[in-house]
Number of protein chains: 2
Amino acid sequence: MPIADKMVGIVKSASMIRKMFEEGIRMREQFGADNVFDFSLGNPDVPPPPVVKETLLGLINDAATSHGYMPNAGYPWVRQAVADYLNTQCGVGMTADLVVMSVGAAGALNDALKALVNPGEEILVPAPYFVGYNQYAFICGANLKTVSTKPDFHLDLGAIDDAISKDTRVMLINSPNNPTGVVYNKQELDELGQLLEKKSQVFGKRIYLISDEPYRKIAYDVNVPWMFGVYDHTIVLTSYSKELSLAGERVGYLAVHPGAEDAAMIASAAAVANTMMFVNAPALFQQVVGKLQGVCVDIDIYRKRRDMICEGLAAAGYEFNVPDGAFYLFPKTPIENDVEFAGLLKEENILAVPGSGFGGPGHIRLSYAVREQSITNAMPGFKRAMEKAQK
Amino acid sequence: MPIADKMVGIVKSASMIRKMFEEGIRMREQFGADNVFDFSLGNPDVPPPPVVKETLLGLINDAATSHGYMPNAGYPWVRQAVADYLNTQCGVGMTADLVVMSVGAAGALNDALKALVNPGEEILVPAPYFVGYNQYAFICGANLKTVSTKPDFHLDLGAIDDAISKDTRVMLINSPNNPTGVVYNKQELDELGQLLEKKSQVFGKRIYLISDEPYRKIAYDVNVPWMFGVYDHTIVLTSYSKELSLAGERVGYLAVHPGAEDAAMIASAAAVANTMMFVNAPALFQQVVGKLQGVCVDIDIYRKRRDMICEGLAAAGYEFNVPDGAFYLFPKTPIENDVEFAGLLKEENILAVPGSGFGGPGHIRLSYAVREQSITNAMPGFKRAMEKAQK
């Protein structure tokens with residue numbers, strides 16, 4: 001093969017996703033953009049808060065603003081701002097040297113995995129899970145092992161207990177969750193922390209928890225517990241993609257719990273991994289987010305859409321758990337074959353991603369990062385697809 | 001170990017570099033910034049051309065400018081702008097689908113290597129070479145194999161002929177070169193192209209050439225030949241770090257020769273690797289560089305510094321090749337032990353990197369991305385260190 005052997009399969013499945021996107025473009029051209037209802041993409045369409053533009057202009061008009069290299073782990077003052085913010089939120093005693101600024105949450109996760117995981121070790125993740133995790137596991141040469149969740153997508157501690165093996169190096173969780181919208185509660189997380197501690201003792205090997213939290217601030221009427229308060233050996237990572245609607249700008253960070261076993265060494269290794277992969281997080285947007293800790297887009301926009309889509313789909317006979325956070329809904333498909341049901345939706349010009357891609361067959365993922373009008377106008381199509389499937 | 005086994009050594013050597021930086025900071029505090037002469041960093045200090053600021057302001061004040069995700073390989077219009085520019089420069093028939101926008105040249109190189117190289121295969125690189133190459137080889141699980149150059153740092157075709165093996169997947173070159181400043185000429189590159197073609201036939205396996213060119217536009221009075229005109233199976237990659245002084249913003253690209261074996265598949269695999277590592281190149285600066293193809297900082301600033309440092313060091317008795325490009329000088333050390341000589345320079349408050357780190361022992365690397373005043377004021381120290389060494 002002209003390309004690396006292991007890339008062949010990955011390129012093939014990526015090309016299927018690309019075909020879906022291209023099909024969406026073709027449909028928009030054929031039917032008109034207003035008549036195609038694309039619920040397939042998690043690309044925030046809510047504009048960044050106005051203060052983002054003000055901050056950008058302020059920085060660009062300031063002759064002292066640099067676009068050059070900084071220390072590879074990020075500007076010290078930005079890392080300090082992140083540590084200070086984390087301390088106001090969860091009082092973990094975070095310090096700047098345990099924070100590494102990264103190229104989005106994807107970059108932070110790659111950093112953390114490269115730092116912690118030996119090739120051949122296992123990363124354990126509750127399914128359904130974000131598709132990108134397969135790729136990040138591939139980058140560090142690890143195996144992604146999935147563990148089932150309860151019917152409401154909350155953690156199944158018994159299943160996790162069974163799934164952890166001597167090869168498990170990292171447990172990876174994502175709450176608020178993509179694709180299910182579930183937010184884990186304090187009790188199940190406390191139990192998870194105790195289980196990870198117990199299993200680390202059993203296997204004589206520290207199991208680290210990585211908490212991937214890009215949707216932390218997109219949560220409705222529920223508290224998103226801090227993993228730092230649950231298990232010391234935790235690395236929290238996130239981005240500003242959703243909370244500031246800056247997904248394309250690629251800025252995020254990871255933060256290592258000060259009480260984690262060998263915390264300083266892990267942060268150093270993650271910073272080195274950062275350097276190896278992309279040198280540093282983008283300079284200008286590091287400076288922007290450094291000045292905007294705690295700022296968030298107006299999540300009432302997402303909440304309203306969530307309520308609209310939930311109401312509409314319930315009336316059309318869909319079964320689902322009302323999401324507590326993120327901007328995804330993960331309804332059951334009325335027929336077992338989710339790919340086939342996505343096909344029925346496509347006949348109604350509705351684009352949805354089959355759940356099998358997320359390790360959740362028998363479901364579809366709907367992103368409600370779309371205009372309200374699209375939700376309203378798509379509902380008759382959702383209803384007809386349901387009726388067709390039930391015939 | 002708390003961190004992945006293979007990271008241990010890498011973190012250790014990175015911590016040595018960090019110690020050097022910290023020593024620099026400590027020295028600046030002790031002696032005053034004006035009395036410490038730091039030639040260790042390749043961080044462009046020439047400001048970006050004014051049109052960069054204008055373009056940034058134009059984009060930020062345009063309500064239509066997006067900070068969201070775009071196709072992972074980059075904005076189609078930006079990829080087209082790069083292809084158009086390449087065609088004006090070397091008429092290779094480049095198309096937008098063979099261009100992948102990346103997180104700097106480091107990201108582009110990681111993309112290309114991940115796309116092409118199987119774990120255990122070899123990447124062949126002429127020494128001295130940029131230190132980061134070791135890390136990028138590690139990311140894709142390949143072996144970095146070095147091949148010696150001639151005394152003037154030009155390619156030694158005989159040595160390359162001997163060094164290529166059945167495991168060689170990629171030949172990686174960097175011209176203008178970091179750390180030597182050498183620019184390969186058309187004749188030696190033509191011979192390299194012929195040799196790679198011959199060896200690909202011998203081993204029945206295509207050897208690809210990767211040309212890492214972030215310093216292409218920083219060249220003095222010499223033509224930097226296009227590798228696209230030399231060998232079809234070439235991937236060119238670069239960044240805007242040096243030519244627009246945007247090193248911290250992390251934007252660059254790779255471009256696959258349209259005549260390369262399986263060109264389209266390589267570009268697809270590189271785009272997927274992009275996605276796996278960092279999703280996409282930063283949105284705002286992609287749009288900036290898309291509008292600024294062909295723009296470059298004033299290289300006369302670098303040329304003047306080159307002439308100053310060359311003149312001064314020659315008068316102080318240093319031996320070196322006058323660099324044709326980039327902003328580095330790689331003089332011989334008067335004693336064999338380059339680390340020891342770097343120590344003598346440090347006694348004069350001069351920071352230089354020992355050549356051994358670049359696979360070029362018996363040399364030091366000096367970056368002249370520094371103020372003219374630093375060059376002038378450092379010269380007595382350079383002279384004293386030379387005299388001490390010769391005693």
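Residues numbered from 1 in each chain as written. Chains lettered and ligands numbered in written order. Predicted model: local features only at pLDDT ≥ 70, side-chain atom pairs only at ≥ 80, totals over all residues. Heavy atoms only, no water.

(A) Structural detail: the sheet that holds strand S11 (residues 353–354) of chain B. Residue and element names in this part refer to chain B. Within the open sheet, the 3 strands sit side by side as S9-S12-S11. Their pairing is antiparallel. With partners counted over all chains shown, the strands left at the sheet margins are strand S9 (328–329) and S11, one partner each. Bridge count for S11 against strand S12 (residues 364–367) is 2 bridges, and the pairing is antiparallel. Across the sheet, the residue bridging to Pro354 is Ile364, located in S12. (Pairing = 2+ DSSP bridges. Helix = DSSP H or I, 4+ residues; strand = E, 2+ residues; numbered from the N terminus.)

(B) Structural context of the packing of helix H11 (residues 338–347) of chain A against helix H12 (residues 372–390) of chain A. Residues and elements named next belong to chain A. Interaxial distance between H11 and H12 falls to 9 Å at its minimum, and their mutual angle equals 135 degrees. Classed by the angle they form, the pair H11 and H12 counts as oblique. Crossing of H11 against H12: the hand is right-handed. Of the residues in H12, those in contact with Phe341, Leu344, Leu345 and Glu347 of H11 are Phe382, Ala385, Met386, Lys388 and Ala389. Taken together, the residues that form the contact of H11 with H12 break down as 7 nonpolar, no polar and 2 charged. (Axes fitted to C-alpha atoms, helices over the stretch in contact; angles between N-to-C directions. Parallel < 35°, antiparallel > 145°, perpendicular 65-115°, else oblique. Left-handed = near helix turned anticlockwise from the far one by under 90°. Contact = heavy atoms within 4.5 Å. Nonpolar A, V, L, I, M, F, W, Y, C, P; charged D, E, K, R; others polar.)

(C) Representation of the nonpolar core in the model. Met7(A), Ile210(A), Met7(B) and Ile210(B) are the most contacted members of the largest nonpolar core, which has 165 residues in total. Ranked by size, the runner-up nonpolar core spans 36 residues in total, among them Leu313(A), Phe327(A), Leu366(A) and Ala385(A). (Core = buried A, V, L, I, M, F, W, Y, C linked by side-chain atoms within 4.5 Å. Buried < 20%, exposed > 50% of the residue type's maximum accessible area, 1.4 Å probe, protein only.)

(D) Examining the sheet that holds strand S11 (residues 353–354) of chain A more closely. Taking strand neighbours across the sheet as the criterion, the 3 strands line up as S9-S12-S11 (chain A) in an open arrangement whose pairing is antiparallel. Edge positions in the sheet fall to strand S9 (328–329) and S11 of chain A, since each has one partner strand and no second.

(E) Quick peek at the UniProt feature "domain: Aminotransferase class I/classII large" (unreviewed entry) in chain A. UniProt records the feature "domain: Aminotransferase class I/classII large" (unreviewed entry) for residues 35–378 of chain A in the present numbering. Counting secondary structure, residues 35–378 of chain A comes out at 38% helix and 15% strand; the distance between its end C-alpha atoms is 9 Å. (UniProt positions renumbered as here; feature names shortened; annotations may be inferred.)

(F) Examining unusual backbone geometry more closely. The linkage connecting Ser175(A) with the following residue, Pro176(A), adopts the cis geometry, with an omega of -5 degrees. Position of Pro176(A) relative to the elements: it lies in the loop between strand S5 (168–174) and helix H7 (186–203). Here the amide bond leading from Asn178(A) into Pro179(A) is cis, since omega sits at 20 degrees, within 30 degrees of zero. Counting through the fold element by element, Pro179(A) comes out in the loop between S5 and H7. The backbone of Asn349(A) shows a phi angle near 65 degrees, a positive value even though the residue is not glycine. Mapped onto the elements of the fold, Asn349(A) is located in the loop between H11 and strand S10 (350–351). Phi is positive for Phe153(B), close to 70 degrees, though the residue is something other than glycine.

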